[in-house]
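Below are the chains, spelled out letter by letter.
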Amino acid sequence: LDAISKADGTVNSFITVDGEQALAQARAIDARIASSGVEGLGPLAGVPLAIKDNICTAGTRTTAGSQILRDYVPNFDATAVAKLRSGGAVLVGKTNMDEFGMGSSTENSSYKPTRNPWDPERVPGGSSGGSAAAVAARECAAALGSDTGGSIRQPAHFCGIVGLKPTYGRVSRYGLISYASSLDCIGPMAHTVEDAALLLNAIAGADSHDATSSAHPAPDFTAGLLPASALASRPLAGKRIGLVAETLGEGVAGPINDTVRAAARHLEALGATVEEVHLPTFGLGLPAYYVLALSEASSNLSRYDGVRYGARAPGAADMGSLYTVSRGEGLGGEVKRRILMGAYALSAGYYDAYYKRAQQVRTLIQREMEGALGSFDALLTPTAPSPAYRLGEKSADPLAMYKGDLMTVNVNLAGLPAVVLPAGFMAAPEGGPGAPQLPIGIQLVGRPFAEGPLLALAHAFE
Ligand code: GLN
């Protein structure tokens, strides 16, 4: 809590810090240790964690970054949160985010922008920018984020931490405030691959509250992480890694290209075989993602009408204006833009041209990626075309912001697991004397439900 009060005046990672509750949780663990020792306590007992503010926490305000949920205090925990609590984790607060997860810089939060701990003039990425910044600024040991099209991975890249998007269905979405239900995933953001694996251990598994959660058995995700002794000589011998040609070259910052190629050589030095692989439909993912995500969002967000859900605007004359004024006041500009676009894509006469076509593209991308993963253990790509950019640099240009998601959205369309991990630094592209050094994260995409082997690979690289 001291670390938060020291850092958060600048970084703004948190929407809500729940000091009293955190101290009560910590004291309960202390009392438990005083009475019966550490025997039987899990690895997360007493560990301070932060939770993205679109994941419900009983008794602690949960806003999803939106004014329409400014007074929402859930009376239940999301399954992932309940599991962390029962593992003894200390939940210190709720982190800032783009409203409903819609954005890539956390500037679409209706509360405040979060700043990148490496350079406070820059964004931390988004939409889980608060969680990424809180981890990077050491305001917590690790955090939960959510990833619909890159929102765990891109901020992990911008802030120099590890971010894991699990396979779709691996972690229950119960209590995650929906953006696009067929793409949304909860996942860990941490300093190390091992920490991410420990968090995944705690939150993974089937849940009767979420019909899309998978019955696939959840193994111990730390089991495959090799000890330092085994890492010494070619621990990745026999592993095949595909370097996705379409994600490198034009449009990608030079030092990011270089870092990914250096990472490929490092993986080779560890014993892996790295080969270029072509995914011809790769570039279709971004437009398909924005049609599908916005279509689902327009439907999901219809519940915020001031009656069923969301703050009700006072003084409305009739039912119609109650809806329109509540939504008009409660939802931000980017959210409205997306609801409009999604409703348009779903409307009669346009459905076949947009939504249906995007679904067809989704199937193509899924087949192509799974096909490539038939002959490779993992695919290697950059996480985003650029490092952290300056606050305000892209906020007036939504298309430029959307384009930054090119390398992450296909993974969600295909439902695959992917991890981003720190791989280097670059000088800020604006250059000049005193240009800050900015982190670069590489992305490794794995086979469905193979988070264990994927994390083992990442751990060997790290
Ligand atoms: N930046 C992407 C979007 O705005 C992804 C966001 C996310 O994963 N929640 O849709």
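Parameters and conventions
Residues numbered from 1 in each chain as written. Predicted model: local features only at pLDDT ≥ 70, side-chain atom pairs only at ≥ 80, totals over all residues. UniProt positions renumbered as here; feature names shortened; annotations may be inferred. Helix = DSSP H or I, 4+ residues; strand = E, 2+ residues; numbered from the N terminus. Rg over C-alpha atoms; globule rule 2.2 N^0.38 Å. Contact = placed C-beta atoms within 7 Å. Near = placed C-beta within 6 Å. Nonpolar A, V, L, I, M, F, W, Y, C, P; charged D, E, K, R; others polar. Buried ≥ 20, exposed ≤ 12 C-beta atoms within 10 Å, placed from the backbone. Core = buried A, V, L, I, M, F, W, Y, C linked by C-beta atoms within 7 Å. Pairing = 2+ DSSP bridges. Axes fitted to C-alpha atoms, helices over the stretch in contact; angles between N-to-C directions. Parallel < 35°, antiparallel > 145°, perpendicular 65-115°, else oblique. Left-handed = near helix turned anticlockwise from the far one by under 90°.

Going by the annotation in an unreviewed UniProt entry, the name recorded for the protein chain is Glutamyl-tRNA(Gln) amidotransferase subunit A, chloroplastic/mitochondrial, with Edaphochlamys debaryana given as the source organism. Taken verbatim from the UniProt record of the protein chain, the Function (unreviewed entry) comment is "Allows the formation of correctly charged Gln-tRNA(Gln) through the transamidation of misacylated Glu-tRNA(Gln) in chloroplasts and mitochondria. The reaction takes place in the presence of glutamine and ATP through an activated gamma-phospho-Glu-tRNA(Gln)." For the record of the protein chain, the UniProt heading Catalytic activity (unreviewed entry) holds the text "L-glutamyl-tRNA(Gln) + L-glutamine + ATP + H2O = L-glutaminyl-tRNA(Gln) + L-glutamate + ADP + phosphate + H(+)".

### Some remarks on the overall build of the protein chain
If you tally the helices and strands in the protein chain, you get 15 helices and eleven strands. In summary, the protein chain has a C-alpha radius of gyration of 21 Å against a globular reference of 23 Å for 462 residues, a match within 12%. Considering only C-alpha atoms, the protein chain reaches an extent of 70 × 65 × 55 Å along its principal axes. Considering only residue pairs separated by 6 or more positions, the protein chain has 75% of its internal contacts joining residues 24 or more positions apart.

### Focus on the site of the ligand
Taken together, 13 residues lie around the ligand, and G101, S104, T148, G149 and S151 are the ones closest in. Class assignment for the residues of the shell around the ligand results in three nonpolar, eight polar and two charged.

### Describing unusual backbone geometry
Of all residues except glycine, most have a negative phi; of all peptide bonds, most are trans. Looking along the chain, the bond that leaves G126 and enters S127 is cis, with omega of 10 degrees. One can find S127 in the loop between β3 (90–95) and α4 (129–136). Of note, the phi angle at A64 is positive, near 55 degrees, even though the residue is not glycine. Mapping A64 onto the fold places it in the loop between β2 (48–52) and α3 (79–86). You can call A64 buried: it has 30 C-beta atoms within 10 Å. Of note in this structure, R138 is not a glycine but carries a positive phi near 60 degrees.

### Quick notes on α4
Counting buried residues in α4 gives eight out of eight residues, a clear majority hidden from the surface. Of the positions making up α4, those classed as buried are G129, G130, S131, A132, A133, A134, V135 and A136.

### Quick word on the environment of G126
Note that G126 resides in the loop between β3 and α4. Classification of G126 by C-beta neighbours within 10 Å gives buried; the count is 31. As for G126 and G145, which are separated by 19 residues in sequence, their C-alpha atoms are 9.8 Å apart. Setting aside anything within four residues of it in sequence, one finds G126 in contact with M97, D98, G103, S104, S105, T106, S151 and P155.

### Brief notes about the nonpolar core
Formed by 136 residues in total, the largest nonpolar core has its most connected members in L49, V135, A143, V162, V419, L444 and L455. Among the elements that make up this core, the one with the highest residue count is helix α9 (residues 285–300) (nine residues). Those residues in contact with A143 that lie beyond four places of it in its chain are L49, A50, I51, T95, S131, A134, V135 and M189.

### Considering the pairing of strand β5 (residues 162–165)
Sheet faces and side chains relate simply in a regular strand, where the side chains alternate between the two faces. Burial of β5 is two-sided: the residues V162 and L164 facing one way and the residues G163 and K165 facing the other way are all buried. Here β5 pairs with strand β6 (residues 185–190) via two bridges, running antiparallel. Each residue of the ladder has a partner; that of V162, found in β6, is A190. Pairing of β5 with strand β10 (residues 418–427) involves three bridges; the strand directions are antiparallel. Bridged to K165 within β10 is A418.

### Regarding the sheet that holds strand β1 (residues 14–17)
Read from one edge of the open sheet, eleven strands run β1-β3-β2-β4-β6-β5-β10-β11-β9-β7-β8, paired in mixed fashion. The outermost strands of the open sheet, each flanked by one partner alone, are β1 and β8 (273–277). In this sheet, adjacent strand axes meet at a mean angle of 30 degrees when their direction is disregarded. Inspection of the sheet shows β1 paired to β3 by three bridges, in the antiparallel sense. Residue pairing across strands places T16 opposite K94, the latter belonging to β3.

### Focus: the UniProt feature "active site" (unreviewed entry) in the protein chain
As recorded in UniProt, the feature "active site" (unreviewed entry) lies at K52, S127 and S151. Look at the named residues: they lie 100 residues apart in sequence, but the longest C-alpha span between them is just 10.8 Å, so in the fold they bunch up. Excluding anything up to four places from it in sequence, S127 contacts M97, D98, G101, M102, G103, S104, T106 and S151. Structurally, the position occupied by S151 is in the loop between β4 (142–147) and α5 (153–159). Every residue in contact with S151, bar those within four places of it in the chain, is listed here: G101, G126, S127, S128, G145 and S146.

### Some thoughts on the environment of G93
If you trace the backbone, G93 turns up in strand β3. Separated by 45 residues in sequence, G93 and R138 place their C-alpha atoms 14 Å apart.

### Section: the packing of α9 against helix α12 (residues 352–375)
The relative placement of two packed helices is expressed as an angle between their axes plus a distance between the axes. Close contact between α9 and α12 brings their axes to 9 Å; oriented N to C, the two are set at 125 degrees. Relative to α12, α9 is oriented oblique. Relative to α12, α9 is oriented so that their crossing is left-handed. On the side of α9, the interface is formed by G285, A288, V291, L292 and S295, while α12 contributes Y354, Y355, A358, Q359, V361, R362 and I365. Here the contact of α9 with α12 is composed, by residue class, of eight nonpolar, three polar and one charged.

### A short note on the pairing of β10
Judged from the nine bridges that link them, β10 and strand β11 (residues 437–446) form a sheet pairing that is antiparallel. Within β11, the residue paired with M426 across the bridge is L438.

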